[in-house]
2 protein chains.
Amino acid sequence: MNIILLSGGSGQRLWPLSNNIRSKQFIRIFSNEEGKLESMLTRVYRQIISADPEAVITIATSRKQISSIRNQLGDRVSVCAEPCRRDTFPAICLAASYLYYEQGVGEEEAVVVCPVDPYVEDSYFEALKELSGMAETGSANLFLLGIEPTYASEKYGYILPESSARVSKVETFREKPDAATAQGYIARGALWNGGVFAFRLGYLMRRAHELLSFTDYRDLYARYGELKRISFDYALAEQEKAVQVLRYNGGWKDLGTWNTFTEAMTEPVLGKGILNETCENTNVVNELNIPILCMGCRNMVVAASSDGILVSDKEQSSYIKPFVEQIEQQVMYAEKSWGSFTVLDVQEDSLTIKIVLLPGHGLYYHSHDHRDEVWTVMSGTGRAVIDGVERKVCAGDVISMPAGCRHTVSAETELKIIEVQMGENITVEDKHKYPLQQDGGECKPGLGTECGCGR
Amino acid sequence: MNIILLSGGSGQRLWPLSNNIRSKQFIRIFSNEEGKLESMLTRVYRQIISADPEAVITIATSRKQISSIRNQLGDRVSVCAEPCRRDTFPAICLAASYLYYEQGVGEEEAVVVCPVDPYVEDSYFEALKELSGMAETGSANLFLLGIEPTYASEKYGYILPESSARVSKVETFREKPDAATAQGYIARGALWNGGVFAFRLGYLMRRAHELLSFTDYRDLYARYGELKRISFDYALAEQEKAVQVLRYNGGWKDLGTWNTFTEAMTEPVLGKGILNETCENTNVVNELNIPILCMGCRNMVVAASSDGILVSDKEQSSYIKPFVEQIEQQVMYAEKSWGSFTVLDVQEDSLTIKIVLLPGHGLYYHSHDHRDEVWTVMSGTGRAVIDGVERKVCAGDVISMPAGCRHTVSAETELKIIEVQMGENITVEDKHKYPLQQDGGECKPGLGTECGCGR
């Protein structure tokens, strides 16, 4: 099965665990059977591979998510990053072109497109496999998965099928209705539109060339900024006559708000937290290293990360967005392709951060114009290059890098470093990158860069 | 007026802002008229000096509070620290002996004893002055301030006066009664016992020598560990026949729990915090540098410090103690006589802390057996001594101190330093102190040390 996972979304609704550079699909919050923590992304990846060990997975996303995807899945997936944000139709065309022109996937092969963040049972991916088979051999052009509604939701689009058979031709689509209208749809056998499409690649490429002007993947990538924002539903699905839908009646949840997100938690407390005996229906998600004590809390969610602390009534938590928008807070924690950084202390003219480098990974070779930096290596071993001179580093080593000094470090074993930045107006923009004339090859240019995977 | 402030208490009830080394009286939570934040200690100090600019203040406390007192009040008060914790009778005798034998206060002079943490109007200290005058010239031996009760509290002891006159002879004392009994006392004109006593110093010294076996202050200090734990009420006040009480009917609050503490807050939010419009009767006290967002919170207190985060229904918050006892957490922030430290990051074999040194202050000259340390100076200027060699330090300087290296640093201007400690089993016990052969004189021994003021 060829599968394109659409990974979009900003991080406001699940603040403070998600932020501008960490979307909800990267939060490690679910316990798997081995007791390890999974994110939506790693959970969905595991479920796909379990349903189809041969699945070829491409993640269609934005540039800013590449680091998190690489951090969580390494090289096990392809990443196709939009050069800028457009809507789902351009994004799916770009990813499909990547499969067709760069990966050599054939016109007759089926491709399934699916959001990266459904919280579903394993049977969902069995249904995707079935949908892929339908697309490969079926007579329709577009194949959808319809979710059996469990209530008259106003949050979802609806698919109205011609019949209530397991597989049916689609009569029409309806955008988010009010509850009464939704009830009427459901009485007629309507299904939620979960954003899953399958098609033969040749069909999609033909439609893409009809609707967009481009020659191949690289050309589409180059022209991407000129494309109109338009959804796949609107540009293609609603115009297509030959559409079939497959009913899915297994578990399916859209964990878009803290209220629904906490429903998927297997334990009430994740991280350091205590709920006293008078707490009811309360969840704690704590990424900080200090304890949270909750007393007499009812129907609440308490979430803490380096970015901030949310204390909210669960129902109120769905109105979080405007409040998060008014919080001007620098990103205090981020997963990167090479590991992670955490801001430990902010002063007027200095910033202290903790850098964790994964084995085999390194920073870009870079310099700053307006700040001095000092590294103190807490643990691990690696190699640093300072103004062209390579040296080994290990716990206890200290390296001072005045403004202008070119520097990088790579990890042999996991490397933990305290970096103190000192200067006026410290910004992430004050950074020059250089090619590294070393064997490490951390920043070789190539297709990887061109397709936006940033490695 | 000679005044002894009793500064005791552990920090569990106002966790996480108070902890084992920071009691509630040191939390800076009250806005004064200039908009600056005051602690109970600095507020009470300001009020005393406002009522009596000539007041001679001695703080009777335990050794572990000395740093916080010096940090907040510097040398403006005397500190008399018990070598170990006993109850109020030994503590008051020790402080009175310090005044009599070391400070030369005369037998005929009045001394007022008062808790360090009442949240009161300025008129309270006018009443203390009046009480001091009564003690100096009056015929009784002991003079108390009785608080006019505002409700039939079960939390306080009661003073039963012979009459309802403003000044009356005391008939008897009653320990914390149930509400019905308290109601009966109040009907008879009873007053809350707020722990304020005044006496002529000669009277107290005579009673002290009758009840305890010692020659002078230093002898009492040396024998202190052998003394019985006994309260001043029980040992002395309840035995004394000639006791008078002065009625006080101004504002008086005992801010012992979060519920009462938040009542004294002038704004609902202290520190970085947002309450959305659906919050009711909710307070945020945030010492962290990240924002707290509260949505739909009712009758709650949210308090955050480097030690932890409390999210509690206000009424429930009075039951916090056993939960805090089960939290095994190293102290993450502490005010010291020389400034403060904050733990920024805890790893298995390393610890990163931020040190802030106040101008003119320095650390002890010390070394560690089992850990290496690295200082990175973020800002400020000062002088360091490393293995006997003095050097200037300023922003950007880095000093590596392997295990065994003797080191200290003192601040000329406020000095901010990141210290990375590296080694197995890092503990505060791994520390050797040495005299510093310098002009700084940071650790001259003398009476200061002997009376436990630790400077």
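For the structure, check the block above.
Source: prediction; values computed, not measured.

K.L.:
Break down the relation of the copies chain B and chain A for me, with residues and values.
P.N.:
You can overlay chain B on chain A at an RMSD of 0.1 Å; the transform is a turn of 180° with a shift of 0.0 Å along its axis. Both copies of the chain, as the preceding transformation shows, are related through a two-fold rotation axis. Every residue of chain B has its C-alpha some distance from the rotation axis, and the shortest such distance is that of Leu 344 of chain B, at 2.9 Å. A share of 100% of interface residues in chain B that are also interface residues in chain A marks the association as one of identical surfaces.

K.L.:
So, the packing of helix α1 (residues 40–51) of chain A against helix α4 (residues 123–137) of chain A: which residues are in play, and what are the values?
P.N.:
Residues and elements named next belong to chain A. Between α1 and α4, whose axes approach to 9 Å, the crossing angle comes to 55°. Regarding the angle of α1 to α4, the classification is oblique. Crossing geometry of α1 relative to α4 is assigned as right-handed. Along its contact with α1, which presents Val 44, Gln 47, Ile 48 and Ala 51, the element α4 presents Phe 125, Glu 126 and Lys 129.

K.L.:
Pulling in residues and values, what's your account of helix α4 (residues 123–137) of chain B?
P.N.:
Residues and elements named next belong to chain B. The end-to-end C-alpha separation of α4 is 21 Å, in line with the 21 Å expected for 15 residues at 1.5 Å each. Within the span of α4, buried status applies to Tyr 124, Phe 125, Ala 127, Leu 128, Leu 131, Ser 132, Met 134 and Ala 135. The arc that holds the buried residues of α4, viewed along the axis, is 160°, so those residues lie on one side.

K.L.:
Let's hear about the pairing of strand β9 (residues 158–161) of chain B: which residues, and what values?
P.N.:
All names here are of chain B. Residues Tyr 158 and Leu 160 point to one face of β9 and Ile 159 and Pro 161 to the other, with burial holding for every one of them. Relative to strand β10 (residues 167–174), β9 runs antiparallel, the two sharing 4 bridges. Bridging from a neighbouring strand, Pro 161 pairs with Val 170 of β10. Here β9 hands over to β10 after 5 residues, the two strands then running antiparallel side by side.

K.L.:
Pulling in residues and values, what's your account of helix α3 (residues 88–102) of chain B?
P.N.:
Think of an α-helix as turning once every 3.6 residues; residues three or four places apart then point the same way. All names here are of chain B. In a regular helix each residue adds 1.5 Å, so 15 residues correspond to 21 Å; α3 covers 20 Å between its end C-alpha atoms and thus fits that length. Counting buried residues along α3, 11 of its 15 residues qualify, which places the element largely inside the surrounding structure. Along α3, the residues classified as buried are Phe 89, Pro 90, Ala 91, Ile 92, Cys 93, Leu 94, Ala 95, Ala 96, Ser 97, Tyr 98 and Leu 99. Once α3 finishes, Gly 104 follows within two positions and takes phi at roughly 70°, a positive value.

K.L.:
Can you tell me about a negative patch on the surface, naming the residues and giving the values?
P.N.:
A contiguous patch of negative charge, built from Glu 33, Glu 34, Glu 121 and Asp 122 of chain A, is present on the exposed surface. The partly exposed category is assigned to Glu 121 of chain A, whose relative accessible area is 43%.

K.L.:
A description of the side chain of His 368 of chain B should follow, citing residues and the corresponding values.
P.N.:
Residue and element names in this part refer to chain B. Mapped onto the elements of the fold, His 368 is located in the loop between β23 (365–367) and β24 (372–379). Separated by 3.0 Å, the side chains of His 368 and Glu 373 make a polar contact. Separated by 2.7 Å, the side chain of His 368 and the backbone oxygen of Asp 430 make a polar contact. Once residues within four sequence positions are removed from consideration, His 368 is found in contact with Glu 373, Ala 403, Gly 404, His 407, Asp 430 and Lys 431.

K.L.:
Lay out the packing of aromatic side chains in plain terms, naming residues and giving numbers.
P.N.:
Summed over all chains, the structure comprises 34 aromatic pairs over all chains. Their ring planes at 70° and their centres at 5.3 Å tell us that Tyr 156 of chain A and Trp 252 of chain A sit as a pair that is edge-to-face. Here Tyr 156 of chain A is found in the loop between β8 (142–147) and β9 (158–161), whereas its partner Trp 252 of chain A is found in strand β13 (residues 252–254), with 96 residues between them in sequence. Residue Tyr 156 of chain A shares its accessibility class with Trp 252 of chain A, and that shared class is buried. Note on Tyr 156 of chain B and Trp 192 of chain B: the rings are 4.7 Å apart at their centroids and 55° apart in plane angle, and the pair reads as tilted. Of this pair, Tyr 156 of chain B sits in the loop between β8 (142–147) and β9 while Trp 192 of chain B sits in strand β11 (residues 191–200), placing them 36 residues apart in sequence. Each member of the pair, Tyr 156 of chain B as well as Trp 192 of chain B, carries the same accessibility label: buried. Following the ring pairs from residue to residue traces out a cluster consisting of Phe 30, Tyr 119, Trp 258 and Phe 261 of chain A. Above the ring of Tyr 434 of chain B, the side-chain terminus of Arg 406 of chain B is found at 3.6 Å from the ring centroid. Stacked on the ring of Tyr 364 of chain B, the Lys or Arg Lys 433 of chain B has its end atom at 3.9 Å from the ring centre.

K.L.:
Got a sec to walk through the pattern of salt bridges? Specific residues and values, please.
P.N.:
Tallying each qualifying case throughout the model produces 40 salt bridges over all chains. Note that Asp 219 of chain A and Arg 223 of chain A form a salt bridge whose closest N and O atoms lie 2.8 Å from each other. Residue Asp 219 of chain A and its partner Arg 223 of chain A are both found in helix α7 (residues 217–223); the two are separated by 4 residues, about one turn of the helix. Among the residues examined, Asp 219 of chain A registers a relative accessible area of 18% and is labelled buried. For Arg 223 of chain A, a relative accessible area of 30% puts it in the partly exposed group. For Arg 46 of chain B, the salt bridge is made with Glu 38 of chain B, and the minimal N-O distance between the two is 2.5 Å. Given a relative accessible area of 5%, Glu 38 of chain B falls into the buried group.

K.L.:
Mind laying out the interface of chain B and chain A, listing which residues take part and the relevant values?
P.N.:
Each partner contributes to the interface: chain B provides 55 residues, whereas chain A provides 56 residues. Around 4200 Å² of area is buried between chain B and chain A when both sides are counted, 69% of it from carbon and sulfur atoms. At the junction of chain B and chain A, the tally comes to 2 salt bridges. Between Lys 354 of chain A and Asp 345 of chain B there is a salt bridge, and its shortest N-O distance comes to 2.7 Å. Taken together, chain B and chain A are joined by 18 residue pairs in polar contact (both at pLDDT 80 or more). The element best represented in the side of chain B that touches chain A is strand β19 (residues 308–313) of chain B, accounting for 6 residues. Here the residues of the side of chain B that touches chain A are counted per class, giving 31 nonpolar, 17 polar and 7 charged.

K.L.:
Could you give me a rundown of the sheet that holds strand β22 (residues 350–357) of chain B, with the residues and numbers involved?
P.N.:
Residue and element names in this part refer to chain B. Strand order in the open sheet formed by 6 strands is β20-β21-β22-β29-β24-β27, with antiparallel pairing between adjacent strands. What marks the edges here is a single partner per strand, and that holds for β20 (333–336) and β27 (398–401). Pairs of neighbouring strands in the sheet enclose a mean axial angle of 20°, with direction left out of account. Examined bridge by bridge, β22 and strand β29 (residues 415–422) share 8 bridges and lie antiparallel to one another. Its bridge partner lying in β29, Ser 350 is registered against Met 422. This element, helix α2 (residues 66–73), spans β20 and β21 (339–346) of the sheet and lies at about 65° to β20.

K.L.:
Residues and numbers for the environment of Ala 304 of chain A, please.
P.N.:
Within the secondary structure, Ala 304 of chain A is located in strand β18 (residues 300–305). Given a relative accessible area of 0%, Ala 304 of chain A falls into the buried group. Sequence separation between Ala 304 of chain A and Leu 17 of chain A is 287 residues; the distance between their C-alpha atoms is 7.0 Å. Once residues lying within four places of it in the same chain are set aside, the contact partners of Ala 304 of chain A are Pro 16, Leu 17, Val 285, Asn 286, Glu 287, Leu 288, Ile 292 and Ile 309 of chain A together with Ile 309 of chain B.

K.L.:
Kindly report on the packing of α1 of chain A against helix α2 (residues 66–73) of chain A, identifying the contributing residues and their values.
P.N.:
Residues and elements named next belong to chain A. Where α1 meets α2, the axes come as close as 10 Å, and the angle between the chain directions of the two elements is 50°. Taken as axis vectors, α1 and α2 run oblique relative to one another. As for how α1 packs across α2, the hand of that crossing is right-handed. Side by side, α1 and α2 meet where Leu 41, Thr 42 and Tyr 45 of the first sit next to Ile 69, Gln 72 and Leu 73 of the second. Classifying every residue of the contact of α1 with α2 by side-chain character gives 4 nonpolar, 2 polar and no charged.

K.L.:
How would you explain the pairing of strand β22 (residues 350–357) of chain A if you had to name every residue and give the values?
P.N.:
Consecutive side chains of a regular strand alternate in pointing toward one face of the sheet and then the other. Residues and elements named next belong to chain A. Across the 8 residues of β22, 8 count as buried, placing the element largely inside the fold. In the sheet, strand β21 (residues 339–347) pairs with β22 via 8 bridges, with the strands oriented antiparallel. Note on β22: the bridge partner recorded for Phe 341 is Ile 355. Counted between consecutive antiparallel strands, the loop separating β21 from β22 contains 2 residues.

Cut-offs used in this document
- Residues numbered from 1 in each chain as written.
- Chains lettered and ligands numbered in written order.
- Predicted model: local features only at pLDDT ≥ 70, side-chain atom pairs only at ≥ 80, totals over all residues.
- Heavy atoms only, no water.
- Least-squares fit on C-alpha atoms with pLDDT ≥ 70 in both.
- Contact = heavy atoms within 4.5 Å.
- Axes fitted to C-alpha atoms, helices over the stretch in contact; angles between N-to-C directions.
- Helix = DSSP H or I, 4+ residues; strand = E, 2+ residues; numbered from the N terminus.
- Parallel < 35°, antiparallel > 145°, perpendicular 65-115°, else oblique.
- Left-handed = near helix turned anticlockwise from the far one by under 90°.
- Expected span 1.5 Å × (residues − 1).
- Buried < 20%, exposed > 50% of the residue type's maximum accessible area, 1.4 Å probe, protein only.
- Arc of directions from axis to C-beta.
- Pairing = 2+ DSSP bridges.
- Patch = residues over 30% accessible without salt bridge, like charges linked within 9 Å, V, L, I, M, F, W, Y side chains within 5 Å.
- Areas by Shrake-Rupley, 256 points an atom, 1.4 Å probe, with all protein chains shown as cover.
- Salt bridge = Lys/Arg side-chain N within 4 Å of Asp/Glu carboxyl O.
- Lys, Arg positive; Asp, Glu negative; His and termini not counted.
- Charge placed at Lys NZ, Arg CZ, Asp CG, Glu CD.
- Polar contact = N/O pair within 3.5 Å; in protein donor to acceptor, adjacent residues only side chain to side chain.
- Phe/Tyr/Trp six-rings, centres within 6.5 Å; stacked < 30°, edge-to-face > 60°.
- Lys NZ or Arg CZ within 6 Å of the ring centre and 35° of its normal.
- Buried area = accessible area lost by both parts, 1.4 Å probe.
- Nonpolar A, V, L, I, M, F, W, Y, C, P; charged D, E, K, R; others polar.

By themselves, these observations are geometric and do not establish any function.
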